[in-house]
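So the chains spell out like this:
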Amino acid sequence: MRKKLGSLLVIAVFAAAACSSSATPSPAPTAPPPTSAVTSQATAVATPASTAVEGGNMVYALNGDMVLADPSLVSDGNSLFVEAQVVQGLLGLQPGTISTVIPVLAAALPTVSADGLTYTFTLRTGINFQDGTPFNADAVVYNYNRWQNYPPGDLQTNAYYYGAVFGGFGTASNVASVTAPDEQTVVITLKTPQSNFELASTLAVFGIQSPTALKAGNADTTPISSNKYAQGELPQGQDMVGTGPFIFKEWVPGDHITIVKNPNYWDAANAALLNQVTFKPIGDSTATLQALQSNGVDAAFSISPLDVKTAQSSGLTIIDRGSSCNQLNLDMNQSVGGKATIYANKNVRLAVSEAVNKQSYVDAFYSGLGKVPTGFMPPATTGFKAETLPAYSVSQAKADLAASSVTGSALNIDLYYPSNVVRPYMPDPKGIATAIANDLTAIGFTVNLKTEDWHGGYVSDATSGKFALYLFGWTCDWAGADNFLYTAWFGWSGGKPNPQFGWNNATANQDMLQALQATTPDAANALWGQVQDLLAQDLPVVPIVNSQPPGAYTSKVHGYVGASNGIEYLNTVWLSQ
Amino acid sequence: MARFIVRRLLVAIPVLFGLSVILFLFLRLLPGGGPAEAILGQHATPQLVAQITATEGLDKPLYVQYLNYVGRLLHGDFGASFIDGREVAATFLIKFPATVELTIGALIFAVGLGIPLGRLAARHPNSWIDGIVTVISLFGISIPVFVLGYTLAFIFGVELHWLPTFGQLDPRLPINPVTHFAIIDAILAGHWYVIDAVAHLILPSIALGTIPLAVFTRITRASVIEVSNEDYVRTARAKGLTDRRVNDRHIMRNAWLPVTTVIGLETGALLAGAVLTETVFSWNGVGSWVVSSIQNHDYIVVQSLILIFATIFLTVNLIVDVGYAFLNPRIRYS
């Protein structure tokens, strides 16, 4: 009996250990990554190629399944991570960076007309798609026209990014024409200048697929439920056919996705070292960690930040994701339900900004994988401008709160945080909210912590302006100022400020609109800089953290180049035996 | 018997109809908008939400949506997921074999261990053996499945490296998913890959089978003790029959009835999805699918799956009831 009790105690200890590594859902996928960029320019290989071992089958844990096998029809990070290994676009990002645009299938960056309307691409020669058909200007034109002409219905709604980047489909799109004057030249003409064109074009959704395969696979079939190409049901070589270093082999929904080495890859110096990669969706963070610890998987795109120390002590390597591409804010809505909140008072916003001890949150919740922001978006973002943000000072915060003349029951405030979710920038929403509440209490607020399910109303209630003080963040789609400042947060809609903030600053909105249509990067960045100055003046939000979402790999894995926007290419990865 | 079966099948129709109506309404009352928000996440704008809502027909009156759904259902069309556009029936055929396999594994564990333990406890009532069996039962019922699952994975996977902690097969093995029953596919692939498939089944089967194990143990114990006190058992012993003969011919044959009922009910419940176990062990079955579909407000998937589960549950119950007649010829349905 004593032995049995002893066993029970051992099991209880193990249970506690297992649970302590977080039983919360793993973070939702990071924002979708751009296209593959495994070019001769892209030489960010972490280990000298001479020591690399070719061959092997790597098992890679994703935190969810692929949604569709056609990159133009997806907008989730899991799908695009897989598809970026197979399909490439004209432009991509330098591996390991979030905003350095490089040519991939284009031979060089495009030449841009003085009016910012015409982009002329010269294509690389001698490239074949994985089905053996040639990559040329006609193929590019076919793909761009295909996206632009998606009919209303599920094809358009799934092709979210095309609509978002170009303002819609068909005649509503900002693309006037895509032409091929010769086999190696593509000219894309826009209706109005679009300063984010090059950076947004690095998204994997703009990957060029074989027109032959698209036609043979009836890839434009709608509804998508009967679209075998999009469902990934066609045989190898006929589905998701791109030019990348890996070929799509097989997808068993919910179980695995397999890609294999492209033996005829056009850039031999950067061909895949692995024979095969098997992606395994594991939706639970503790299960992911255990799969890594037991060598069931070789690498995992994400683990919980709360598991970082456990992972390191188990001999796992945390993926170095470099510059952050996300930001968590404490949003202060100045108008809820048509009524001004206490946050309409600038002194209150200033007091809140000074009361929060951001560094303590970074230390407590991010395992060293986060930094206190120096502005209103991540520093490596194109168009970023560092601002002088209010420093942590309880005494100054108290003084500013007193100066606001807000007293009594008005200091009894609600602070919302999401439940049943972990975001890359928010590993422990309740913990962070509790820490913020304690800091606000210290300067005189009475804080009521409130929560809603992330999937069950938090996002819609926050974005429709039902909360006054709440946690919200963004992971970049592309690392441009427009993506954070305009698309995600402060862009006006229907001539009105975003109800999420109630920040009624027409000058900032005008600057943003002008920046979107600027004809040169310098002009755009100057305008984005002005917007950030206005933000620093008005403080509609308190930037809390820029984090690097952690992933991990075992000691067998080498050559992994991480990036915090999730744009990671596996051609450089190899496994030691 | 035939009339009984037909009557039971007819009774199932209003049950399934009622369930479909309740489900249909309940799912649409979930907070947080519809599938459009789930599809778009933080990208959701009022315009895009309206566009998806219209595309998916969610802007139509509820009764129209319901009638459309039922109409398709009567034609054998379970609909398609809002999220990935994949036919529910097609995905079900991929995922259900995994759940069946896990259910069988859990039942082998629970029945194979639970009934002998129950018999053992019943043969030594109120002894230290009975006490140990009781403790095991209480442990099995009390410990949360996810705690047990993580613990098993930690001990046998992470620390000892004896057993795999996730999935149905080692992804590195070249096994084609022919039937989606991992063990059968592994046998078809040859090379003794079946050992890998069985190894993957062990931990989730134990985690999932622990509660049924406790239930079977308690029911078997109670049933055997009750039957052992029946007059005909005393008579059999008085006639000089051996213990073994009394046990096999008179006690167990009668004690099987309640045990069978419980096994049937548990089988139905297990087939309806082992949500936590499938999540902990990344088992590609229907349980985790239901959960993610609920989170995504993927109404069509949830509606169809729950109706399928209900049908399975009713069918298993019917089979159990019919099985009574064969186990005990004194029972006849009319």
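Just so it is clear, the model here is predicted, and its values are computed rather than measured. Residue positions are counted from 1 within each chain, in the order its sequence is given. Just so you know, chain letters begin at A and ligand numbers begin at 1, following the order they were written in. pLDDT decides what is reported in this predicted model: residues at 70 or higher carry local features, side-chain atom pairs at 80 or more are listed and counted, and totals for whole chains, interfaces and linings draw on all residues regardless. Note: side-chain values were computed over all heavy atoms of the structure, leaving out hydrogens and water.

Engineer: Run through the overall build of chain B, naming residues and quoting values.
Structural biologist: Note on conventions: DSSP H or I runs of at least 4 residues are helices, E runs of at least 2 residues are strands, and numbering of each starts at the N terminus. On a plain count of helices and strands, chain B comes out with 14 helices and 0 strands. When the helices and strands of chain B are placed in sequence order, the string is α-α-α-α-α-α-α-α-α-α-α-α-α-α. With respect to the three principal axes, the spread of C-alpha positions in chain B is 85 × 55 × 40 Å. Across chain B, every contact between residues at least 6 apart in sequence was considered, and the portion connecting residues at least 24 apart equals 73%. Each accessible area is a Shrake-Rupley estimate made with a 1.4 Å probe; only the visible protein chains count as cover when residues are assessed. Taken as a whole, chain B presents about 15,800 Å² of accessible surface, with 69% of it coming from carbon and sulfur. The positive charge centre, built from 22 side chains, and the negative charge centre, built from 21, are 15 Å apart in chain B. Throughout, a residue-residue contact means that at least one pair of heavy atoms, one from each residue, lies within 4.5 Å. Only four residue types enter the charge count, namely Lys and Arg as positive and Asp and Glu as negative; His and the chain termini do not. Positions of charges follow a simple convention, taking NZ of Lys, CZ of Arg, CG of Asp or CD of Glu.

Engineer: Can you explain the interface of chain B and chain A? Please cite residues and give values.
Structural biologist: Listed by partner, the interface residues are 47 residues for chain B and 57 residues for chain A. Taken together, both faces of the contact between chain B and chain A bury some 4,300 Å²; the carbon and sulfur share is 62%. Any Lys or Arg side-chain nitrogen found within 4 Å of a carboxyl oxygen on Asp or Glu counts as a salt bridge. On the surface where chain B and chain A come into contact, there are 2 salt bridges. Glu233(A) serves as the salt-bridge partner of Arg86(B), at 3.5 Å between the closest nitrogen and oxygen. A 3.5 Å cut-off defines polar contacts: any pair of N or O atoms within that distance qualifies, except that in protein one atom must be a possible hydrogen donor and the other a possible acceptor, and neighbouring residues in sequence count only when both atoms are side-chain atoms. Linking chain B with chain A are 11 residue pairs in polar contact (both at pLDDT 80 or more), by the criterion used here. Take the accessible area each of two parts loses on contact, using a 1.4 Å probe, and add the two losses: that sum is the buried area.

Engineer: Explain the pairing of strand S7 (residues 185-190) of chain A residue by residue, including any values.
Structural biologist: Residue and element names in this part refer to chain A. A large share of S7 lies buried, amounting to 5 of its 6 residues. Two strands make a pair as long as DSSP finds a minimum of two bridges between them. One ladder, built from 5 bridges, connects strand S6 (residues 175-182) with S7; its direction is antiparallel. Bridge assignment links Val175 to a residue of S7, and that residue is Leu190. What sits between the antiparallel neighbours S6 and S7 is a turn of 2 residues. Each residue gets one of three labels from its accessible area relative to the maximum for its type: buried under 20%, exposed over 50%, partly exposed in between, using a 1.4 Å probe on protein chains only.

Engineer: Lay out the domain arrangement of chain A in plain terms, naming residues and giving numbers.
Structural biologist: Residues and elements named next belong to chain A. For chain A, the assigned domains are domain 1 (54-146 + 176-214 + 228-319 + 550-575) and domain 2 (326-547). Reported domain spans reflect what an automatic or database domain assignment gives. A C-alpha centroid distance of 32 Å is found between domain 1 and domain 2. Tallying the contact residues gives 18 residues for domain 1 and 19 residues for domain 2. Looking only at domain 1, the three residues that lose the most surface to domain 2 are Ile98, Ser195 and Pro305, adding up to 29% of its buried area. Where domain 1 meets domain 2, there are 0 salt bridges. For the pair domain 1 and domain 2, the interface holds 5 residue pairs in polar contact (both at pLDDT 80 or more). Residues are grouped as follows: Ala, Val, Leu, Ile, Met, Phe, Trp, Tyr, Cys and Pro are nonpolar; Asp, Glu, Lys and Arg are charged; all remaining types, including Gly, are polar. Residue composition of the side of domain 1 that touches domain 2, grouped by class: 10 nonpolar, 7 polar and 1 charged.

Engineer: Tell me about the confidence of the model for chain B, and please be specific about residues and values.
Structural biologist: On average, residues of chain B carry a pLDDT of 85, and 93% of them reach 70 or more. In the model output, the complex is listed with pTM 0.86 alongside ipTM 0.84. A residue's pLDDT is the predictor's confidence in that residue, given on a scale from 0 to 100.

Engineer: Account for the sheet that holds strand S8 (residues 246-252) of chain A, naming residues and giving values.
Structural biologist: Residues and elements named next belong to chain A. Pairing is mixed in the open sheet, where 7 strands are placed in the order S8-S9-S10-S1-S11-S21-S12. Each edge of the open sheet is held by one strand with a lone partner, namely S8 and strand S12 (317-318). Looking at chain direction, S8 and strand S9 (residues 256-261) are connected through 6 bridges and run antiparallel. The partner of Phe248 across the bridge, within S9, is Ile259.

Engineer: So what about the pattern of salt bridges? Which residues, and what values?
Structural biologist: In a structure, side chains of opposite charge can pair up when their charged atoms sit close to one another. Scanning the entire structure with this criterion turns up 18 salt bridges over all chains. Across the pair Asp298(A) and Arg172(B) runs a salt bridge whose closest N-O atoms are separated by 3.0 Å. Residue Asp298(A) is found in the loop between helix H8 (285-293) and strand S11 (299-300), and its partner Arg172(B) is found in the loop between helix H7 (145-159) and helix H8 (182-189); the two belong to separate chains. A relative accessible area of 25% places Arg172(B) in the partly exposed class.

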